[in-house]
Amino acid sequence: MTMTRRLPLGSNARERFAALYSEIPDVQCKGLCTQACGPIAMSAFESGRMLATTGVSPAVDGEMSCIYLVRDRCAAYEVRPAICRLFGAVDSPLLTCPHGCGVAEGQRLLTDAEARDILHRAREIGGPSITVPIR
Ligand code: SF4
Ligand code: SF4
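A brief report on the enclosed structure follows. Just so it is clear, the model here is predicted, and its values are computed rather than measured.

Time to look at the site of ligand 1. As a structural note, the neighbourhood of ligand 1 is formed by Val-27, Cys-29, Lys-30, Leu-32, Cys-33, Ala-36, Phe-87, Gly-88, Cys-97, Pro-98, His-99 and Cys-101. Tallied by class, the residues present in the shell around ligand 1 amount to 9 nonpolar, 2 polar and 1 charged.

Now the structure itself:
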């Protein structure tokens, strides 16, 4: 009988997240807004990595703006979670850029089902979803 050994949560998570994120097309953001940078949800691993990298836990301020937003730029860009990477990269009313920013040439928008699958796998790799608190 063949036994399948489950990897502990977070094992190789860095590499697995890199592979997962590589499935998301590059958004050609023109920097026209920050409206998506509000209360977001992410896996436990992604949240922990943001804390480890920036020294600050993910949260929103009293105006419901992400605390990593500094002068209209993401101060945690390299370790931003899957949901941030998906904004503008999905053919879905909730995740389409309202300013017409698209994806890089030769790439296509993900379908809603593909985006949901990526978020599902992010939770599988990185642990339960955490909605950032208000601070
Ligand atoms: S909504 Fe469009 S302009 Fe605004 S941050 Fe996203 S891609 Fe950039
Ligand atoms: S982590 Fe960065 S991209 Fe994501 S909501 Fe916060 S400021 Fe915006």
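The subject of this paragraph is the environment of Gln-35. Looking at the element boundaries, Gln-35 is found in the loop between helix H1 (13-21) and strand S1 (41-43). You can call Gln-35 exposed: it has 11 C-beta atoms within 10 Å. Residues Gln-35 and Ser-47, spaced 12 residues apart in sequence, show a C-alpha to C-alpha distance of 20 Å.

Despite not being glycine, Arg-71 shows a phi value in the positive range, around 45°. Phi at Asp-72 is positive, roughly 65°, even though this residue is not glycine. Within the secondary structure, Asp-72 is located in the loop between strand S2 (69-70) and strand S3 (73-74).

The first and last C-alpha atoms of helix H4 (residues 112-126) sit 21 Å apart over 15 residues, in line with the 21 Å expected at 1.5 Å per residue. In this structure, the buried residues of H4 make contact with H1, S1, helix H2 (44-54) and helix H3 (82-86). The positive-phi residue at the C-terminal boundary of H4 is Gly-127, with phi of around 95°.

Turning our attention to the site of ligand 2. Contacts to ligand 2 come from Cys-37, Ile-40, Cys-66, Tyr-68, Leu-69, Cys-74, Ala-76, Arg-80 and Cys-84. Across the shell around ligand 2, the residue classes break down as 8 nonpolar, no polar and 1 charged.

Here the focus is the environment of Cys-101. Within the element layout of this structure, Cys-101 appears in the loop between H3 and H4. In sequence terms Cys-101 and Pro-58 are 43 residues apart; their C-alpha atoms lie 26 Å from each other.

Here the focus is the nonpolar core. In terms of nonpolar packing, the biggest core is built from 27 residues, with Leu-20, Leu-86, Ala-89, Ile-118 and Ile-125 touching the most fellow members. Top contributing element to this core by residue count: H4, with 4 residues. Here Ala-89 is in contact with Ile-24, Pro-25, Val-27, Val-103, Leu-109 and Leu-110, once residues within four sequence places are set aside.

What follows covers H1. Those residues of H1 that sit buried are Ala-13, Phe-17 and Leu-20. Here the buried residues of H1 occupy an arc of 60° about the axis, which is enough to place them on one side. Facing away from the buried surface of H1 by more than 90 degrees, the exposed residues are Arg-14, Glu-15, Ala-18 and Ala-19.

How each quantity is defined
Residues numbered from 1 in each chain as written. Chains lettered and ligands numbered in written order. Predicted model: local features only at pLDDT ≥ 70, side-chain atom pairs only at ≥ 80, totals over all residues. Near = placed C-beta within 6 Å. Nonpolar A, V, L, I, M, F, W, Y, C, P; charged D, E, K, R; others polar. Helix = DSSP H or I, 4+ residues; strand = E, 2+ residues; numbered from the N terminus. Buried ≥ 20, exposed ≤ 12 C-beta atoms within 10 Å, placed from the backbone. Expected span 1.5 Å × (residues − 1). Contact = placed C-beta atoms within 7 Å. Core = buried A, V, L, I, M, F, W, Y, C linked by C-beta atoms within 7 Å. Arc of directions from axis to C-beta.

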